[in-house]
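Letter by letter, the chains look like this.
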Amino acid sequence: MDKFVIQGGGRLKGEVEISGSKNAALPILAAALLGEGTSVLNGVPDLADVRHMVDLLGDLGAEVSRGDDGRMEISVTDESHSHAEYDRVRKMRASICVLGPLLARRGKARVAMPGGCAIGSRPINLHLRGLRALGAKIDLDGGDVIATADRLRGSSIFLGGPFGSTVLGTANVMSAATLAQGTTVIESAACEPEIVDLANFLTRMGAKIRGAGSPRLVIEGVEALNAAEHTVVPDRIEAGTFMIAAALTNGEVTLRNCCTDHMMAVVDKLREVGVIVEQTNGAAVASSVRRLEPADVTTQPYPGFPTDLQAQLMTLLTLADGNSAITEKVFPDRFMHVAELLRMGADIRKEGPTAIVTGVRQLVGAPVMASDLRASAALVLAGLVARGQTTIQRVYHIDRGYERIELKLRSLGANIERVSD
Ligand code: EPU
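Throughout this description, residue numbers start from 1 for each chain and increase along the sequence as written. This being a predicted model, a pLDDT of at least 70 is required before a residue's local features are given, and a value of 80 or more before pairs of side-chain atoms are given or counted; all residues contribute to the totals for chains, interfaces and linings. The side-chain figures draw on all heavy atoms in the structure; neither hydrogens nor water molecules are used.

1. What about the site of the ligand?
To keep it simple, the criterion reads: One heavy atom within 4 Å of a molecule or strand is enough for the residue carrying it to be called near that molecule or strand. Under the rule applied, a polar contact is a pair of N or O atoms within 3.5 Å (in protein, one hydrogen donor and one hydrogen acceptor; residues adjacent in sequence only if both atoms are side-chain atoms). The Shrake-Rupley method, run with a 1.4 Å probe, gives the accessible areas here. Residue values count only the displayed protein chains as cover. Under the scheme used here, helices are H or I runs from DSSP no shorter than 4 residues and strands are E runs no shorter than 2 residues, and both carry numbers assigned from the N terminus. Residues are grouped as follows: Ala, Val, Leu, Ile, Met, Phe, Trp, Tyr, Cys and Pro are nonpolar; Asp, Glu, Lys and Arg are charged; all remaining types, including Gly, are polar. A domain assignment, automatic or from a database, supplies the domain bounds used here.
By nearness alone, 24 residues border the ligand, and Asn 125, Leu 126, Thr 166, Asp 308 and Val 330 come closest of all. In this structure, an oxygen atom belonging to the ligand sits 3.3 Å away from a main-chain N or O atom of Pro 123. One of the side-chain N or O atoms of Thr 166 is found 2.6 Å from an oxygen atom in the ligand. A total of 830 Å² of accessible area belongs to the ligand in isolation, and the protein chains cover 92% of it. Listing elements by their share of the shell around the ligand, those giving two or more residues are helix H1 (22-31), helix H5 (125-133), helix H6 (167-177) and helix H12 (373-385). Ranked by residues supplied to the shell around the ligand, first place goes to H5 with three residues. Residue composition of the shell around the ligand, grouped by class: 11 nonpolar, seven polar and six charged. Counting contributing residues, the shell around the ligand receives three or more from each of domain 1 (2-19 + 234-420) and domain 2 (22-231).

2. A closer look at empty space enclosed by the protein
The line we're drawing: Definitions used throughout: a 1 Å grid over protein atoms alone; a cavity as a set of points that fits a 1.4 Å probe which cannot get out; a pocket as an open set with protein on both sides within 12 Å along at least five of seven lines; a lining residue as one with an atom within 4 Å of a point. Grid points are joined across faces, edges and corners, and a volume is the space filled by probe spheres set on the points.
Applying the stated criterion across every chain, the model contains three cavities of 30 Å³ or more. Counted as a void, the largest cavity has a volume near 50 Å³. In terms of lining residues, the largest cavity is bounded by Thr 241, Phe 242, Ala 245, Ala 377, Val 380, Leu 381, Leu 384, Ile 405 and Leu 409. Of all elements in the fold, only helix H8 (236-248), H12 and helix H14 (405-411) reach the threshold of two or more residues within the lining of the largest cavity. For the lining of the largest cavity, the class distribution of residues is eight nonpolar, one polar and no charged.

3. Comments concerning the domain arrangement of the protein
Formally: Here, two residues are considered to be in contact whenever any of their heavy atoms come within 4.5 Å of each other. Accessible area, probed at 1.4 Å, shrinks when two parts are joined; the buried area is that loss added up over both.
Taken domain by domain, the protein holds domain 1 (2-19 + 234-420) and domain 2 (22-231). Its C-alpha centre places domain 1 at a distance of 30 Å from the equivalent point of domain 2. Every contact between the two is made by 23 residues of domain 1 and, on the other side, 17 residues of domain 2. Roughly 1700 Å² is buried in total at the junction of domain 1 and domain 2, and carbon and sulfur atoms are behind 56% of that figure.

4. Here we look at the sheet that holds strand S16 (residues 229-231)
Using the following cut-off: Should DSSP find at least two bridges between two strands, the strands are regarded as paired. The convention used is that axes are lines fitted to C-alpha atoms, helices contributing only their stretch in contact, and that angles between N-to-C directions extend from 0 to 180 degrees.
Taken together, four strands build an open sheet; the order of strands is S5-S6-S4-S16 and the sheet is mixed. Looking at strand neighbours, the two that pair on one side only are strand S5 (62-66) and S16, the edges of this open sheet. The average undirected angle you get between the axes of adjacent strands in this sheet is 15°. Its contacts with the sheet put helix H7 (residues 193-204) on strand S4 (38-42) and S16, and the angle it makes with S16 is roughly 160°.

5. Observations concerning unusual backbone geometry
Comment: phi is negative for the bulk of residues other than glycine, and the bulk of peptide bonds are trans. Put simply, the test is: Relative accessibility thresholds used throughout: buried, under 20% of the residue-type maximum; exposed, over 50%; partly exposed, between the two (1.4 Å probe, protein chains only).
With an omega of 10°, the peptide bond running from Tyr 302 to Pro 303 counts as cis. When you line up the elements, Pro 303 lands in the loop between strand S20 (297-298) and helix H10 (310-317). Here Asp 69, not a glycine, exhibits a phi torsion of approximately 55°, which is positive. Judged by its relative accessible area of 76%, Asp 69 is exposed.

6. Thoughts on H7
The cut-off we apply is this: Expected helix span is computed as 1.5 Å times (number of residues minus one).
The end-to-end C-alpha distance of H7, which contains 12 residues, comes to 16 Å, matching closely the 16 Å that a straight helix rising 1.5 Å per residue would cover. Taken as a whole, H7 has its buried residues at Pro 193, Glu 194, Ile 195, Asp 197, Leu 198, Ala 199, Phe 201 and Leu 202. Two residues or fewer past H7, Gly 206 is found with a positive phi of approximately 115°.

7. Quick word on the pattern of salt bridges
We count it as follows: Salt bridge, as applied in this entry: a Lys or Arg side-chain nitrogen positioned within 4 Å of an Asp or Glu carboxyl oxygen.
Counting across every chain of the model gives 29 salt bridges. Two residues, Glu 417 and Arg 410, come together in a salt bridge whose shortest N-O distance is 3.9 Å. Given the relative accessible area of 37%, Arg 410 is considered partly exposed. Shared partners join several salt bridges into a network, and the residues in it are Asp 2, Asp 399, Glu 406 and Arg 418.

8. A short note on the nonpolar core
Filter applied, for reference: Residues enter a nonpolar core if they are buried and are Ala, Val, Leu, Ile, Met, Phe, Trp, Tyr or Cys, with the set joined through side-chain atoms within 4.5 Å.
In terms of nonpolar packing, the biggest core is built from 75 residues, with Met 53, Val 98, Leu 131, Leu 152, Met 174 and Leu 202 touching the most fellow members. Ranked by the residues each element gives to this core, the list is headed by H1, at seven residues. Ignoring any residue separated from it by four or fewer positions in sequence, one finds Leu 202 in contact with Ala 31, Leu 34, Met 174, Ser 175, Thr 178, Ala 207, Ile 209 and Leu 225. Residues Val 16, Val 266, Leu 319 and Ile 326 belong to the second largest nonpolar core, which totals 69 residues.

Listed below in structure tokens is the structure:
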């Protein structure tokens, strides 16, 4: 198992290329199951989660080849296997997004129920409610969801839940509705840029979707979809992580392939705490020259502040000049990073879904444990600025969602090494 060894203290300076978005690429890869012919995707990041999805598509009869620069070709050659087995799904929860495409295209899907994970319980009741509304019969057997339908029928569906909209639930129901008979209206749809990107890919395949990016999606079903070519949007979470790295180290980082238009809540919050963020054509520059101000933040579905940057922002606020309150409204238990940040000298008190962060003058390097993807990123950020050496165990969590993070950080001047046990 690999670990990262980081010597903290250096300023980050230079340019970094932001990869294509993991959370856009995963449902788009799954949606390629809907088309006839060979789909081409550009800007697909080379990540453990993407490799899991490629293996899963292989199980489901697709041939996938990866070229240079994130180009992937996907063609479905055998539609006889529609079972996403537990062994795959337990490694990557996003495997659930094959459910809608398989059901719509093949009339049946058997997908292992994903369990919870380090960020909390992760139900799929809304995915199933949406697919039932389209006329699917849903059964549970041996821990698998079995969904069947001769032909799905368009319907009006309210897809909101206790924590707001659901991103992959919207992806599943929208993908399934593209081949349904008649018109589907999804109300309280997720508005995330990754959903817009999926809708753009589906539209290129021949789907008829209106309202992507708003809470109301209208989908007119078509008879069949073709393969299509598409370029995945830049990863706004990776971009936010590098902006925070620049701010923490009083550095200056230019982010190429960065869409700040997808990051208004993030840029707004960073500016509130004193980070300088400037936008140029397709790039952004993040820098900081002074001690940062505290801030209160609440995570919310898009366009609110993303839960996927909550842990990284917490690291930043551990060094702000005063008290900050961070409230998690999407995954109220997503605070595994708190205990590890405490080991590095942070002052954080948790009260229910809120963490009160009191800024300290300095973090101190320590051996810490990565628990999930974004918590690991928060620990890497802490290691970059801490006094002395930080060792982060279990970095396979970070490899799930950040492409070559240690190489990108090293190119900016960070002292970070990957060490294999
Ligand atoms: N929820 C339900 N019922 C459902 C589905 C969700 O109650 O059927 C609840 C969840 O428990 C949660 C909230 O609704 O409280 C939002 O969950 P959502 O379904 O939107 O999450 P997701 O689609 O499973 C995606 C991302 C996550 C990201 C969330 C929220 C992918 C592959 N995953 O998950 O990304 O945190 O949206 O933005 O797109 C990550 O990249 O580190 C990551 C965890």
